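Each chain is listed here by its residues.
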Amino acid sequence: MKWRRTTVLTVRLKDSVALGADGQVTFGSMILKPDAAKIRRLAEGKVLAGFAGATADAFSLLERFEAKLKDYPNNLPRAATELAKEWRTDRVLRRLEAMLIAVDPKYTLMISGTGDVLQPSDGVLGIGSGGPYALAAAKALLRNTSLSAKEIVQQSLAIAAEIDVYTNAQIQVEELSCHP
């Protein structure tokens, strides 16, 4: 049996950045929990992080990421890079099956176990099993509506939930203002 991944999506507009996730946790073909919280506020609320992957692995990475944010306050790219370096070189961490999206008022980053720290050029990222569906929906909504970042994330995750069996419609969205 395999733990299935979730869907996490972020959208950045000029005035705000939103990060959302569905609530479903599955094991094989069984839904274990429909309302898991996969978005966390870190660094005294200045950073949002969302995770996809094996639950224990994701929590382990989230704890390490929070420690990096304390080591490099107000420097999300440096904290993410340091986590990615540690993740890639540490024998135990290398085996973790999870991904993170981290956002603050300035940066949108995806952190992977292969040592990648990626910043999208358009401020839109999706990870997890429903990530590609949510990402496509968000890009379409960005081009064809005047919805807010939070509304785009909500609508896109709802669309992904209609397509991906490992994504549900119990959606959590957090938002940060991008004003200085």
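Sequence order sets the numbering: in each chain, residues are counted from 1 along the sequence as written. Two thresholds apply to this predicted model, a pLDDT of at least 70 for residue-level local features and 80 or more for giving and counting side-chain atom pairs, whereas whole-chain, interface and lining totals are computed over all residues. As a convention, hydrogens and water are excluded, and side-chain values are obtained from all of the structure's heavy atoms.

Student: Would you take a moment to explain the packing of helix α1 (residues 55–71) against helix α2 (residues 76–89) for this structure?
Tutor: Two numbers describe a pair of packed helices, the interaxial angle and the distance between the axes. Their axes nearest at 9 Å, the elements α1 and α2 cross at an angle of 135°. Considered as vectors, α1 and α2 are oriented oblique to each other. The crossing of α1 and α2 is right-handed. Contacts from Leu 61, Arg 64, Phe 65, Lys 68 and Leu 69 in α1 reach Leu 76, Ala 79, Ala 80, Glu 82, Leu 83, Glu 86 and Trp 87 in α2. Classifying every residue of the contact of α1 with α2 by side-chain character gives eight nonpolar, no polar and four charged. Only the contacting stretch of a helix is used when fitting its axis, a line to C-alpha atoms as for every element, and angles between N-to-C directions run 0 to 180 degrees. Each helix is a run of DSSP H or I of at least 4 residues and each strand a run of E of at least 2, with the numbering of both proceeding from the N terminus. In these notes the angle categories are as follows: under 35 degrees is roughly parallel, over 145 is roughly antiparallel, 65 to 115 is roughly perpendicular, and the rest is oblique. Crossings are sorted by hand: turned counterclockwise from the far helix by less than a right angle, the near helix makes the crossing left-handed, and turned clockwise it makes it right-handed. Contacts between residues were defined by any pair of non-hydrogen atoms, one from each residue, lying within 4.5 Å. Only Asp, Glu, Lys and Arg are considered charged in this grouping, and only Ala, Val, Leu, Ile, Met, Phe, Trp, Tyr, Cys and Pro are considered nonpolar; every other residue, Gly among them, is considered polar.

Student: Is there a simple way to think about helix α3 (residues 131–144) in this case?
Tutor: Residues three or four positions apart in an α-helix share a direction because the helix packs 3.6 residues into each turn. By this rule, a helix spans an expected 1.5 Å times one less than how many residues it contains. Compared with an ideal rise of 1.5 Å per residue, which puts 14 residues at 20 Å, α3 spans 20 Å between its outermost C-alpha atoms and is within 8% of the ideal. The buried label goes to any residue with under 20% of its type's maximum accessible area, the exposed label to any with over 50%, and the partly exposed label to all in between, with areas taken from a 1.4 Å probe on protein chains only. Within α3, the full set of buried residues consists of Gly 131, Ala 134, Ala 137, Ala 138 and Leu 141. For α3, the buried positions fall inside an angular range of 130° around the axis, keeping them on one side. Counted as exposed and oriented over 90 degrees from the buried face of α3: Pro 132, Arg 143 and Asn 144. Directions are taken from the helix axis to each C-beta atom, and the arc is the one they span.

Student: What is the right way to read unusual backbone geometry from this model?
Tutor: With the exception of glycine, the majority of residues adopt a negative phi angle, and the majority of peptide bonds are in the trans configuration. With a phi angle near 50°, Ala 43 is a residue other than glycine that sits in the positive phi range. Relative to the helices and strands, Ala 43 is located in the loop between β6 (39–42) and β7 (47–53). Exposure remark for Ala 43: the relative accessible area of 29% places this residue in the partly exposed category. In this model, Asn 74 sits at a positive phi of 60°, which is unusual for a non-glycine residue. You can see Asn 74 is positioned in the loop between α1 and α2.

Student: When you look at the sheet that holds strand β2 (residues 7–12) in this model, what are you seeing that I'm missing?
Tutor: Two modes of strand pairing occur in sheets, parallel and antiparallel, and in both the strands are linked by backbone hydrogen bonds. Two strands qualify as a pair provided that DSSP identifies no fewer than 2 bridges between them. Read from one edge to the other, the open sheet built from four strands follows the order β11-β2-β3-β12, with strand pairing classed as antiparallel. The open sheet is flanked by β11 (124–128) and β12 (172–177), the only strands paired with a single partner. Within this sheet the neighbouring strands show an average axis-to-axis angle of 10°, counted without direction. Where β2 meets β11, five bridges bridge the pair, whose relative direction is antiparallel. Bridge assignment links Thr 7 to a residue of β11, and that residue is Gly 128. On the sheet, α3 packs against β2 and β11 and is oriented at approximately 160° with respect to β11. Lying on the sheet, helix α4 (residues 149–163) is in contact with β2, β3 (16–21) and β12; it crosses β2 at an angle near 150°.

Student: Can you help me understand the layout of surface pockets in this one?
Tutor: With a probe scaled to a water molecule rolled over the atoms, the places where space remains empty come into view. Its volume calculated, the largest pocket comes out at about 340 Å³. In this analysis the probe radius is 1.4 Å and the grid spacing 1 Å, with only protein atoms considered; a cavity is a set of points the probe fits into but cannot get out of, a pocket is an open set with protein on both sides within 12 Å along at least five of seven lines, and lining residues have an atom within 4 Å of a point. Together, 16 residues line the largest pocket, and Ala 43, Lys 46, Val 47, Pro 73 and Asn 74 are the ones closest to its centre. Of all elements in the fold, only α1 and α2 reach the threshold of two or more residues within the lining of the largest pocket. Residue contributions to the lining of the largest pocket peak at three residues, all from α1. A class-by-class count of the residues in the lining of the largest pocket yields eight nonpolar, two polar and six charged. Grid points are joined across faces, edges and corners, and a volume is the space filled by probe spheres set on the points.

Student: How do you make sense of the side chain of Asn 168 when you look at a structure like this?
Tutor: Locating Asn 168 in the fold gives a position in the loop between α4 and β12. Taking relative accessible area as the criterion, Asn 168 reaches 11% and is therefore assigned buried. We define a polar contact as two N or O atoms separated by no more than 3.5 Å, with the added condition that, inside protein, one atom must be a possible hydrogen donor and the other a possible acceptor, whereas residues neighbouring each other in sequence contribute only through side-chain atom pairs. Here Gly 23 takes part through its backbone nitrogen, which lies 3.0 Å from a polar atom of the side chain of Asn 168. In this structure, Asn 168 is in contact with Asp 22, Gly 23, Gln 24, Pro 34 and Ala 161, ignoring residues within four places of it in sequence.

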